[in-house]
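These are the residues of each chain, in order.
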Amino acid sequence: MTDQAYNFAYLDEQTKRMIRRAILKGIAVPGYQVPFASREMPMPYGWGTGGVQVTSACLVPEDRLKVIDQGADDTTNAVSIRKFFQRTAGVAVTEATAEATVIQTRHRIPETPLHEGQILVYQVPIPEPLRFLEPRETETRKMHELEEYGLMHVKLYEDIARHGTIATSYAYPVKVEGRYVMDPSPIPKFDNPKLGQNPAIQLFGAGREQRIYALPPFTEVVSLDFDDHPFEPSKAPHDCDLCGARDSYLDEVITDDRGGRMFVCSDTDFCAGRQADGHRGRLSAVEAVQ
Amino acid sequence: MITAALSGGFIDAPVQSARAFRAILEAMARPGTIHPVDGAAAPEPLSVAASVALLTLADGTTPVHLAGGANSALVRDWIAFHIGAPLVAAEAADFAVGTWQDLQPVTRFRIGQPDYPDRSATLIVEVDRLVNHGPALTGPGIALATWLSLPETEAFHANRALFPLGFDCLFTCANRLAGLPRSTKVEKL
Ligand SMILES: [Zn+2]
């Protein structure tokens, strides 16, 4: 049931047109941050108002929406956003990555490969990858214009000098189609290889910073690195304790106050799907008893 | 104002424009793919697809240029009534509508600024034929290569050379449309 007190998908038509125009320019210039006039949404900024506005501008009544927060569909944030669009757009919802047509995400890319026809909408807190090097917007804009990305490489190289490896493990910067350096939002760098050549449309919305950017399908996305220190999409050196997956991104979970801990897939839909298919992990039996 | 100007808009704008935008988004994100749209019909000579694109994307904040035959009294009235966009010269337009011939020279259109490449025109190009045959397209949005019946190759070659600046195109034919963003490489077959 759509709540008739609101326009379809909450935002008014003029606002959606403005956001839609920004999305199309973002698609035309992959990785470039398009300014847009962000609107107040009925939720705090930390809740992904940029992503919510992009989703609002993209939804059609026929969509099946999935919302994840760090890989999980059941956090307060994910549940609230899902309910918001059920109420204002009347769309169906799902937790199954493969069945979703639009997926709004905070800080993860689903493990299940995306396909053509899907849109992945990222909630972005800080869209400017050069911001920590240069606080002035006029300067970072100039740096993008001139492809002045040397400072970014220097920063990464200082990591290597200090830690022997590139310490940046989230929001790891990428270069898009050999042109713009882009912040992929705070996804773990484990997810970076999924950004490029992805069959889905990827849209990024930053509400507070009023920026939208995009990756069309099958776009070249390269994580910045060095010949002597190639990019490595690292993860915890464990298998999932529930489904046994060896190739998924894991969360460490404290299980008791005596130092007990377990590693489980951060993508709850992926993990549940594997368990339903009969895959088992180190602690599956324990879970079953509980 | 006459009846032709009052009809031909969306009946249920929020939902119809949402579906139209998704078609346009898919078209622009996957250059060469052809998508049906419906729900709007401006007076002749505008196609359904050009009418839908204008209603979905243009409004009082986006100057529109009507080129050649598209610049008729009926079309101007229709835009005034349904969209409210200021009608301007090619050089000032966010959106321009017309046949490829009427849009010439396309070098007149805004290509954005080096620090704001998004401030560029989108050309809605009316074509008689829209099929996946013709010049080869490669680039973002295209897995390997595809083909589209473009009116020529030279102008798109030149436009691609301006990247990240450049104009973006929607090709409209009856009730179907396809996209060609500035990022696409176009080569003669
Ligand atoms: Zn698992």
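Rules used throughout
- Residues numbered from 1 in each chain as written.
- Chains lettered and ligands numbered in written order.
- Predicted model: local features only at pLDDT ≥ 70, side-chain atom pairs only at ≥ 80, totals over all residues.
- Heavy atoms only, no water.
- Buried < 20%, exposed > 50% of the residue type's maximum accessible area, 1.4 Å probe, protein only.
- Helix = DSSP H or I, 4+ residues; strand = E, 2+ residues; numbered from the N terminus.
- Pairing = 2+ DSSP bridges.
- 1 Å grid on protein atoms, 1.4 Å probe; cavity = no way out; pocket = protein on both sides within 12 Å on 5 of 7 lines; lining within 4 Å.
- Points joined across faces, edges and corners; volume = space filled by probe spheres on them.
- Donors = N, O, S within 2.8 Å, 3.2 Å for Na, K, Ca; no water.
- Tetrahedral: all angles 85-135°; square planar, octahedral: opposite > 155°, others 65-115°.

1. Brief notes about the pairing of strand 9 (residues 168–173) of chain B
Residues and elements named next belong to chain B.
- Here strand 9 lies mainly inside the structure; 6 of its 6 residues are buried.
- Bridge count between strand 6 (residues 122–126) and strand 9: 5 bridges; the pairing is parallel. Bridging across to strand 9, Val-125 finds its partner in Phe-171.
- Looking at chain direction, strand 9 and strand 10 (residues 176–180) are connected through 5 bridges and run antiparallel. In the strand pairing of strand 10, Phe-171 is matched with Ala-178.
- As consecutive antiparallel partners, strand 9 and strand 10 are separated by 2 residues, and within that stretch Ala-174 has a phi angle of approximately 50°, a positive value.

2. A look at the layout of surface pockets
- Of the volumes computed, that of the largest pocket is approximately 550 Å³.
- Along the walls of the largest pocket sit 25 residues, with Met18(A), Arg21(A), Ala22(A), Asp94(B) and Asp118(B) positioned nearest its centre.
- Of all the secondary-structure elements, those providing two or more residues to the lining of the largest pocket are helix 1 (13–28) and strand 1 (34–35) of chain A together with strand 5 (116–120) of chain B.

3. Some remarks on the coordination of the zinc ion
Residue and element names in this part refer to chain A.
- At this site the zinc ion is bound by Cys-240 (SG), Cys-243 (SG), Cys-265 (SG) and Cys-271 (SG), with donor distances of 2.2 to 2.3 Å.
- Coordination at the zinc ion is tetrahedral, judged from the 4 donor atoms that bind it and the angles of 105 to 116° they form at the metal.
- Donor residues binding the zinc ion come from one chain and are separated in sequence as C-x2-C-x21-C-x5-C.
- Residue Cys-271 is classed as buried on the basis of its relative accessible area of 4%.

Function cannot be inferred from these measures alone, as they are strictly geometric.
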